[in-house]
Amino acid sequence: MEEEAVTTNILEMRGITKTFPGVKALQEVSLAVELGQVHAICGENGAGKSTLMKVLSGVYPHGTYEGDITFEGSPVAFKSINDSEAAGVVIIHQELALSPYLSIAENIFLGNEQQSNGWIDWNKTNLEAAKLLNRVGLHDNPVTKVTDLGVGKQQLVEIAKALSKRVKLLILDEPTAALNDEDSAHLLDLIKSLQAEGITSIIISHKLNEIKAIADKVTIIRDGKTIETIDMHADEVSEARIIKGMVGRDLESRFPEHAPNIGAELLRIENWTVHHALDSSRLVVNSANLSVRAGEIVGIAGLMGAGRTELAMSVFGHSYGTNISGTVYKRGERIDTSSVPAAIKNGLAYATEDRKRYGLNLLDDITRNISGSTLGKLASAFGFVDSLKESTVAEGYRKSLNIKAPSVLAITGKLSGGNQQKVVLSKWMYSDPEVLILDEPTRGIDVGAKYEIYTIINRLADEGKGVIVISSELPELLGICDRIFTLAEGRITSEVSRKDATAEYLMQFMTREQEKTTK
Amino acid sequence: MNGFRSALRYLTGQLRQIGLFIALIIIVVFFQIATAGITLAPINVSNLVVQNSYILILAIGMVMVIIAGHIDLSVGSVVAFVGAMSGVMITQWHIPWPVAIVLCLVVGALVGAWQGFWIAYFGIPAFIVTLAGMLAFRGAAQIALQNQQISPFPDSFRTLGSGFLPSFGTSGYEPLTLIIGAVAIIALVLTSIRGRLTRRKYELEDEPVWWFVLKLAFTAGLILLIAVLLASYNGTPIVLIVLGVLTVVYTAVMRSSVFGRHIYAIGGNLNAAALSGVKTKRVTFLLFVNMGVISAIAGLVFTAQLNLASPSAGTGFELDAIAAVFIGGAAVTGGIGTVTGAIVGGLIIGILNNGMSILGVGTEYQSLIKGLVLLAAVAFDVYNKRRSGGR
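A. Spotlight on unusual backbone geometry. The linkage connecting serine 151 of chain B with the following residue, proline 152 of chain B, adopts the cis geometry, with an omega of -5 degrees. As for its placement among the helices and strands, proline 152 of chain B is situated in the loop between α6 (126–145) and α7 (155–162). Backbone geometry at arginine 166 of chain A places phi at a positive 55 degrees, although glycine is not the residue there. Among the secondary structure elements, arginine 166 of chain A is positioned in the loop between α6 (151–164) and β9 (169–173).

B. A look at the interface of chain A and chain B. Counting residues at the interface gives 36 residues for chain A and 29 residues for chain B. Of the roughly 2,500 Å² buried between chain A and chain B on both sides combined, carbon and sulfur atoms contribute 61%. At the junction of chain A and chain B, the tally comes to one salt bridge. Elements supplying a minimum of two residues to the side of chain A that touches chain B: α11 (340–345), α12 (355–359), α15 (387–400) and α16 (417–430) of chain A. Considering each element in turn, the side of chain A that touches chain B owes the most residues, five residues, to α15 of chain A.

C. Representation of the nonpolar core. Counting residues in hydrophobic clusters, the biggest one holds 132 residues, and the most contacted among them are Ile108, Ile159, Leu170, Trp272, Phe316, Leu474 and Ile484 of chain A. Examining the composition of this core, we find that seven residues originate from one element, helix α17 (residues 447–462) of chain A, more than from any other. Counting residues in hydrophobic clusters, the runner-up holds 94 residues, among them Val107, Leu145, Ile150 and Ala330 of chain B.

D. Layout of the pairing of strand β20 (residues 466–471) of chain A. Residue and element names in this part refer to chain A. Most of β20 sits out of view: six of its six residues are buried. Burial of β20 is two-sided: the residues Gly466, Ile468 and Ile470 facing one way and the residues Val467, Val469 and Ser471 facing the other way are all buried. Bridge analysis of strand β15 (residues 297–302) against β20 gives five bridges, and the strand direction is parallel. Counterpart to isoleucine 297 in the pairing with β20 is valine 467. Here five bridges tie strand β19 (residues 435–439) to β20, and the two strands are oriented parallel to one another. Within β20, the position partnered with leucine 436 by the bridge is valine 467.

E. Highlighting the pairing of strand β13 (residues 265–275) of chain A. Residue and element names in this part refer to chain A. Pairing geometry for β13 and strand β14 (residues 283–293), over seven bridges, is antiparallel. Of the residues in β14, the one forming a bridge with leucine 267 is valine 292. Here β13 runs beside strand β16 (residues 322–330); their pairing, made up of six bridges, is antiparallel. Directly across from leucine 267, in β16, lies its bridge partner lysine 330.

F. Representation of the domain arrangement of chain B in the model. Residues and elements named next belong to chain B. What the domain assignment lists for chain B is domain 1 (27–163 + 237–387) and domain 2 (176–234). Centre-to-centre, using C-alpha coordinates, domain 1 lies 26 Å away from domain 2. In this assembly, eight residues from domain 1 lie in contact with five residues from domain 2. Buried surface at the junction of domain 1 and domain 2, summed over both partners, amounts to about 640 Å²; 87% is from carbon and sulfur atoms. Summed over the shared surface of domain 1 and domain 2, the result is zero salt bridges.

G. Local environment of the packing of helix α3 (residues 42–67) of chain B against helix α10 (residues 238–256) of chain B. All names here are of chain B. For the pair α3 and α10, the least separation of the axes is 9 Å and the interaxial angle reads 15 degrees. Classed by the angle they form, the pair α3 and α10 counts as roughly parallel. Considering the relative orientation of α3 and α10, their crossing is left-handed. Along the contact surface, α3 presents Val49, Val50, Ser53, Leu56, Ile57, Ile60, Met64 and Ile67, while α10 presents Val239, Leu240, Val242, Leu243, Leu246, Thr247, Tyr250 and Met254.

H. Local environment of helix α2 (residues 49–57) of chain A. Residue and element names in this part refer to chain A. Counting buried positions along α2 yields seven of nine residues, so the element is predominantly enclosed. Where α2 is concerned, the buried positions are Lys49, Thr51, Leu52, Met53, Val55, Leu56 and Ser57. Downstream of α2 by a residue or two, glycine 58 has a phi angle that is positive, lying close to 85 degrees.

I. Structural detail: the packing of aromatic side chains. Per the counting criterion, the structure on display carries 21 aromatic pairs over all chains. Residues tyrosine 505 of chain A and phenylalanine 509 of chain A carry aromatic rings whose centres are separated by 4.8 Å and whose planes lie at 45 degrees to one another, so their mutual orientation is tilted. Taken together, the positions of tyrosine 505 of chain A and phenylalanine 509 of chain A, both in helix α19 (residues 503–510) and four residues apart, correspond to about one turn of that helix. Of the residues examined, phenylalanine 509 of chain A reaches a relative accessible area of 12% and is grouped as buried. Each residue in the set Trp114, Phe117, Trp118, Tyr121, Phe122 and Phe285 of chain B is aromatic and connected to the rest through ring pairs, giving one cluster. The ring of tyrosine 264 of chain B carries the charged tip of arginine 368 of chain A above its face, separated from the ring centre by 5.8 Å. The ring of phenylalanine 212 of chain B carries arginine 196 of chain B above its face, with NZ or CZ at 4.9 Å from the centroid.

J. Structural view of the domain arrangement of chain A. Annotation of chain A at the domain level lists domain 1 (1–88 + 186–249), domain 2 (94–167), domain 3 (261–347 + 433–514) and domain 4 (360–432). Computed from C-alpha atoms alone, the centre-to-centre distance between domain 2 of chain A and domain 3 of chain A is 40 Å.

K. Expanded view of the sheet that holds strand β21 (residues 483–488) of chain A. Residues and elements named next belong to chain A. The six strands lie next to each other as β18-β19-β20-β15-β21-β22, forming an open sheet whose pairing is mixed. Both outer strands of the open sheet, β18 (348–351) and β22 (491–497), are each paired with one neighbouring strand and no more. The sheet shows a mean angle of 20 degrees between the axes of neighbouring strands, direction not considered. When β15 meets β21, the two strands line up parallel, connected through five bridges. From the neighbouring strand, glycine 299 faces β21, where its bridge partner is isoleucine 484. Taken strand by strand, helix α10 (residues 308–315) contacts β15, β18, β19, β20 and β21, and its axis lies near 145 degrees from that of β18. Where α16 meets the sheet, its contacts fall on β18 and β19, and the angle it forms with β18 comes to roughly 175 degrees.

L. Helix α4 (residues 75–92) of chain B, seen in detail. Residue and element names in this part refer to chain B. Spanning 18 residues, α4 covers 25 Å between terminal C-alpha atoms, matching the ideal 26 Å at 1.5 Å per step. The element α4 is extensively covered by neighbouring structure, given that 16 of its 18 residues are classed as buried. Looking one or two residues beyond α4, the residue adopting positive phi is histidine 94, at roughly 55 degrees.

M. Inspection of the pattern of salt bridges at higher detail. All names here are of chain A. Under the definition given, this model contains 24 salt bridges over all chains. One salt bridge connects arginine 483 with glutamate 495, and the closest N-O pair in it is separated by 2.7 Å. Here glutamate 495 lies in strand β22 and arginine 483 lies in strand β21, a separation of twelve residues in the sequence. Residue class for arginine 483 comes out buried when judged on its relative accessible area of 8%. Three or more residues are tied together by salt bridges with common partners; here these are Arg293, Glu296, Arg483 and Glu495.

N. Highlighting the side chain of histidine 258 of chain A. Residues and elements named next belong to chain A. The topology assignment puts histidine 258 in the loop between α9 (239–247) and β13. Among the polar contacts made by the side chain of histidine 258, one reaches the side chain of aspartate 462 at a distance of 2.8 Å. Residues contacting histidine 258, with those up to four places away along its chain left out, are Ile297, Asn458, Ala461, Asp462 and Arg498.

O. Structural detail: the sheet that holds strand β3 (residues 38–42) of chain A. Residues and elements named next belong to chain A. Taken in spatial order, the six strands of this open sheet run β6-β9-β10-β3-β11-β12, and their pairing is mixed. Looking at the sheet topology across the chains shown, the edges are occupied by β6 (89–92) and β12 (225–231). Geometrically, the sheet is characterised by an average inter-axis angle of 20 degrees between neighbouring strands, direction not taken into account. As paired elements, β3 and strand β10 (residues 200–204) share four bridges and run parallel to each other. Note that in β10 the partner of isoleucine 41 across the bridge is isoleucine 204. Helix-sheet contacts for α6 involve β6 and β9, and the interaxial angle to β6 is about 170 degrees.

Thresholds applied
Residues numbered from 1 in each chain as written. Chains lettered and ligands numbered in written order. Predicted model: local features only at pLDDT ≥ 70, side-chain atom pairs only at ≥ 80, totals over all residues. Heavy atoms only, no water. Helix = DSSP H or I, 4+ residues; strand = E, 2+ residues; numbered from the N terminus. Contact = heavy atoms within 4.5 Å. Buried area = accessible area lost by both parts, 1.4 Å probe. Salt bridge = Lys/Arg side-chain N within 4 Å of Asp/Glu carboxyl O. Core = buried A, V, L, I, M, F, W, Y, C linked by side-chain atoms within 4.5 Å. Buried < 20%, exposed > 50% of the residue type's maximum accessible area, 1.4 Å probe, protein only. Pairing = 2+ DSSP bridges. Domains from an automatic or database assignment. Axes fitted to C-alpha atoms, helices over the stretch in contact; angles between N-to-C directions. Parallel < 35°, antiparallel > 145°, perpendicular 65-115°, else oblique. Left-handed = near helix turned anticlockwise from the far one by under 90°. Phe/Tyr/Trp six-rings, centres within 6.5 Å; stacked < 30°, edge-to-face > 60°. Lys NZ or Arg CZ within 6 Å of the ring centre and 35° of its normal. Expected span 1.5 Å × (residues − 1). Polar contact = N/O pair within 3.5 Å; in protein donor to acceptor, adjacent residues only side chain to side chain.

Below, the structure written as C-alpha cells:
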C-alpha cells in the first residue's frame, strides 16, 4: 500500500522553502495528498499552513519559492491563481471573497461569465448556478443577493463557485471558523459527499474533533517545517497525539529572566459578554471573568476566532461589538470603559494586534505617533502643543526602548515591524496607564526584537502595572506570563498559574468545544 | 564632493517642498518675461494679492478639510449666501457693518455646524453632504436676495475688500508697508533661529545649516520683494493683513495645536486615532464649523471687494480652492498637507490666471492649462511617492 501510494497521489509538494525578508516561513516542507482523500493540515497560528497553501495555489508565483510541486503526476509551475484554477486546484480562503451586492449566480460565475458573443446569457447563468447549488445542498434562489445570506451559506456559495471551475483539489482554509455548529456539520457532510464524487480536499483546521470526523490523513506543520503525517485510519489517533505534534517544540527560545513582584488585584472583568459587531445574534465573548494584579503579567491563550481581540477591544472603550454587558472594576471600584477616552482616563491602554491598520499613523513621524494618545498632557492652556517637550519625550523613548531610526522625525511607515511595535508601546507607556492590554505584541517581529519587547513587558510589570498579553504563540505565553487564561469560543475555559502550565494543557483547553446544549 | 552629494541627497528628500517653490518661481519668471515686465509691476502685484485673496482664504480651510480625508464642495455657495446675508443686513436691515460682519461669521459657523452634524454624527460622506450644501446654499442665497443684486455698500465696509492701510507720504515708497515688511522679516528670522537653537540644544536638529540659511534667505527675500513692490504702489491691501493673520494662525494651529494634530491623526489613520482616544466625531464637526467661518470670511471679503452681493457670487470657488490644496501637495487620501503648501498652490493658480489674462489667452485655454497643471502636480506627487518606496 505505501509503495503504491506514489502513483495514486494527486499532489506532491517536495522541499518547499519560502523566505520573506528576514523570516523563513517554510523550510523544506513536504506534503503528499492521496487522490480522493480528505487531508487535514494542522498547526499553531503562524506555523506556515496558509503560506504553504498560497504557494500551492499560485498566490506566491513559481520562482518566489524553492521546491517542486507535482500535480496529477506531472510537475507544475503555477504563476497565478488563474493557472492553478485552470489545473483544478481551488482555494477557499478564510475571509470569504464574494461580492456582497451581486447575486449568488453572478458570484459563482464571476470571471467565468456564461456568455454568448460577449453578452451574458442570464438563463444559462441562473440555471447552471441552480444545478451547482443543488450539489452543495443550498436551496436558495440563485438571484438572491449574497449579502442576504448568512456566513454558512456564503461558504457553500464559495464551494459551488469552486465546483463551477471543475475542481479536482479543493483547499479550505479554516472553513468552519466563522460557522455555527449546524452550519459546520452541514459543511463537513458536504466535504464527505464531494469526496464520494472523487474530489480531493485539503482542509486547514484547528478543530480537532472535526479533523477526527472527516480527515483520512493529517499533516502537522510547526515553525514552517513538516513534523509528521498521521494516518487517521491506521493508528489509534487521539486528540492528545495531534496536540503533542502541534506544540512539541523545544522551549529553548529565550526569554529574559524575571522575578515577579505581584501585589493586590488591579483590574477585574466580570461577566463580560459581547455580541458580534455585524450579527448581533452571535455571541463572541460569553460571560468571561478575568483579573490582573499589580506587577502581574497575565496571558490569554486562544486560537484564531476564539474571541481574544474582541474581548480586549470591547473592554477598551467598547471599540468592538454590540450588546456589550459586564462590569470592569479597578481596585474594587467599578469604572467606566464605554468610550476610548474614558478607558484611557481610567488607566487602560490597548496595543492592537494590527499595528498598521489600528495602531499607527504610518504617514506621520515617530514623535507624533508617540504623543498621539496623550496630546492633552503636552498642551498649554490654549490647546497648543509644546513641541519641544514632545520631541524630548519621544527622544527619551527612542533611547530607552532602542527604537532603531535615524531620528524621532522618521516616518513610522518606513520602520521595521519591531520598531513600529516599540513606537506603539511608547505611545501607551507615555499615557501612563495602570493596566496594559497587549494584543499579539510580537507578531511579525524577528527573534532579537522579540526579546527586547519581552524585556519591556517585564519592565512594565516591575513598575507595578498590570499587563495582559494576548498571544497565539504558546511558548511566548509560557515564557513570560505569571498566569494564563485559555479562551475557546468566547468562554474562559481554564485559568492556570505559570508553574502548572504546559503547552499540551493549554492546547487542550483552547480546543475545548462547548458542550452541545441543544440538539 | 562628498558634501555635495549628501546635500543633493537631502534635496531630493525635500523634493516635493522645493518643487512647489521652484514651480512658482518658474511660472513667475516665465510670465514676467512673456508679459514684458507687467507681471511684477507694482500695480499688478497689488491686484494679484487682492483678487486672489478669497481663494487663498478658502484654501486655508479647505486644506484642513482635505487633510482630515474629507472634501467641501459647498464653499462657493456659502460665499454667495454669506455675501447675500451681509447685503440684506447692511442695506435692508440697516445693521451697522461691524455688527453685520460678526453676524455673518455666526451664519458661517451655523452653516458649518449644519454640514458638520450630518458628516460627523450621522455618518454621511462629506462629498454628499457638501454637494447638497452646494445646491441648498446657492438656493438660500437666491432666496435671501430675491434674485436681485444688492449694491452699493458703505465705503467703510468696502475697504475690507479693496482698501489699503493708511499711507504716509505721497510719493516714492510708502513707509508703513516697508515697516510691516521689515517687522515680518525680523520676526521670521528671530523665531527661526530661536527654534533652531533650542532644537540643537536637545539634539533634535537634522536640517543642514546651509539649507536652513538658504530657506530663510529665500523667504525673507520674497517678503522684502512683495513689500517693496506694494510700497511703490498704494501700500498694504487690508485683505493682505487678513490673509497674513489667517495664514500665521492656521499654520500654528495645524502645526502644534491639539486640534490641528488630531486632524492629521484622523486623516492619517482614522481607526488608530479613535483607538488612541481622539474624539473623532467632535473633531470632524468642529472642522466643518471652522470651514464655515472661513467661507464666511471669504464671502465678506469678496462682497466688499466687488461692492456687490450677487446670487451667482462664488460660483466655482470650491474647485479653485480644492485645486490649490492639491497643487500644494496635499494627499487625496488625507493625512498629508500644509497651510503654506495650499497658499503657494493658490498663488500658482492666481498667477496663471493673471498672467494668461494679461497675455490675452482665452478663458477656454486658461481652463485647459489649469487642468493640466493640476494633473501634473498630483502626478508628480504620486511618482515621487512611488520612487521613494511608496506606502
